[in-house]
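Fold and geometry: a report
Residues per chain are reported as follows:
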Amino acid sequence: AQSVAQPEDQVNVAEGNPLTVKCTYSVSGNPYLFWYVQYPNRGLQFLLKYITGDNLVKGSYGFEAEFNKSQTSFHLKKPSALVSDSALYFCAVRDDDYGGSQGNLIFGKGTKLSVKP
Amino acid sequence: NAGVTQTPKFQVLKTGQSMTLQCAQDMNHNSMYWYRQDPGMGLRLIYYSASEGTTDKGEVPNGYNVSRLNKREFSLRLESAAPSQTSVYFCASSERVLSYGYTFGSGTRLTVV
């Protein structure tokens, strides 16, 4: 079965510094990976995805993620953090076990990002 | 605005009461999903509907039932609520998961006392 792990419950960075939110995955076939962000009292919003192609994927709000097959990782990055980036971030992987022919997404437990001024 | 609409936003139930969480999407998506979000556990799939007329169990279906009323609407029912069902519930929809991922509703915060 597919799974994702987010090893950090919380990441703290200073505004203007680079940020990294870690994600590792385990899949039996090709990895289809996603990042979502959740602001307080809101639903999850899509940030970016890796399906195939370049290992560096660019997404919304200046975020990018680096796919590393040998390390089975898909870390979320941003060169310069903003206070407004403070939110809960979820890594997800497509799972074929549920969801019919489309599969469904399995989510990690989430990482709380706190950016201080 | 196009998207996924969930009602109600908040609900408090007594143990044993029943209720239905409503979800509607206006994006003509085929697939719809119900997840629950609990602290430290991420999101877990309760039920899904791959297309109109079909529903299937996800990872944590016990204590829930669903109805795919039409292509737009997918409801989640708690027949006899238990404190363990205190959670935030999210509905999501998708057309092609690998292309567009999911679109989520804003959630229903349910407390069972």
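In what follows, the structure referred to is the one given above.
Residues numbered from 1 in each chain as written. Chains lettered and ligands numbered in written order. Predicted model: local features only at pLDDT ≥ 70, side-chain atom pairs only at ≥ 80, totals over all residues. Heavy atoms only, no water.

**Looking at the packing of aromatic side chains**
Inspection of every chain in the model, using the stated rule, returns 18 aromatic pairs over all chains. Measuring from ring centre to ring centre gives 6.0 Å for Tyr35 of chain B and Tyr102 of chain B, while their planes differ by 50 degrees; the resulting arrangement is tilted. One end of the pair, Tyr35 of chain B, is in strand S4 (residues 31-38); the other, Tyr102 of chain B, is in the loop between helix H1 (97-100) and strand S10 (103-104), with 67 residues separating them in the sequence. Given the relative accessible area of 1%, Tyr35 of chain B is considered buried. What links up through ring pairs into an aromatic cluster is the set Phe34, Tyr36, Phe46, Phe90 and Phe107 of chain A together with Tyr33, Tyr35, Phe90, Tyr102 and Phe104 of chain B. (Phe/Tyr/Trp six-rings, centres within 6.5 Å; stacked < 30°, edge-to-face > 60°. Helix = DSSP H or I, 4+ residues; strand = E, 2+ residues; numbered from the N terminus. Buried < 20%, exposed > 50% of the residue type's maximum accessible area, 1.4 Å probe, protein only.)

**Thoughts on the sheet that holds strand S7 (residues 64-68) of chain B**
All names here are of chain B. As summarised here, the arrangement of the four strands in space is S1-S3-S8-S7, forming an open sheet in which the pairing is antiparallel. Both edges of this open sheet fall to strand S1 (4-7) and S7, since each of them pairs with a single strand only. Geometrically, the sheet is characterised by an average inter-axis angle of 15 degrees between neighbouring strands, direction not taken into account. Taken together, the four bridges between S1 and strand S3 (residues 19-25) define a ladder with antiparallel strand orientation. Note on S3: the bridge partner recorded for Gln6 is Cys23. (Pairing = 2+ DSSP bridges. Axes fitted to C-alpha atoms, helices over the stretch in contact; angles between N-to-C directions.)

**Describing the pattern of salt bridges**
All names here are of chain B. A full pass over the atoms with the stated rule returns six salt bridges over all chains. Across the pair Arg36 and Asp38 runs a salt bridge, and its minimum N-O distance is 2.9 Å. The exposure classification of Arg36 matches that of Asp38, with both residues buried. Three or more residues joined by partner-sharing salt bridges are found here, namely Arg36, Asp38 and Arg44. (Salt bridge = Lys/Arg side-chain N within 4 Å of Asp/Glu carboxyl O.)

**Topic: the state of the cysteines**
The tally for this structure, following the rule as stated, stands at two disulfides over all chains. The disulfide bridge from Cys23 of chain A ends at Cys91 of chain A, spanning 2.0 Å between sulfur atoms. Across the S-S bond of Cys23 of chain A and Cys91 of chain A the torsion is about -65 degrees, and the bridge reads as left-handed. Taken together, the positions of Cys23 of chain A in the loop between strand S3 (19-21) and strand S4 (24-26) and Cys91 of chain A in strand S10 (residues 87-95) put the pair 68 residues apart, joining distant regions of the chain. Take Cys23 of chain A: its relative accessible area is 0%, and that puts it in the buried class. There is a disulfide in this structure between Cys23 of chain B and Cys91 of chain B, and the S-S distance comes to 1.9 Å. Between Cys23 of chain B and Cys91 of chain B the disulfide shows an S-S torsion of about -75 degrees. By sign, it is left-handed. (Disulfide = S-S within 2.5 Å.)

**Quick notes on the pairing of strand S9 (residues 87-94) of chain B**
All names here are of chain B. Judged by how many residues are buried, S9 sits mostly within the fold: eight of eight residues are covered. Every second residue of S9 is oriented toward a common face, with Ser87, Tyr89, Cys91 and Ser93 on one face and Val88, Phe90, Ala92 and Ser94 on the other, all of them buried. Sheet topology places S4 next to S9; seven bridges connect them, and they run antiparallel. Paired with Met32 across the two strands is Ser93, which belongs to S9. Bridge count for S9 against strand S11 (residues 108-112) is three bridges, and the pairing is antiparallel. Across the sheet, Tyr89 pairs through a bridge with Thr108, a residue of S11. In this structure, S9 lies alongside S10, joined through two bridges in antiparallel fashion. Looking at S10, one finds that Ala92 is bridged to Phe104.

**Quick word on unusual backbone geometry**
For the bond running from Thr7 of chain B to Pro8 of chain B, omega is -5 degrees, close enough to zero to count as cis. Turning to its location among the elements, Pro8 of chain B is positioned in the loop between S1 and strand S2 (10-13). Positive phi outside glycine occurs at Asn41 of chain A, with the angle close to 60 degrees. Its place among the elements puts Asn41 of chain A in the loop between strand S5 (33-38) and strand S6 (44-50).

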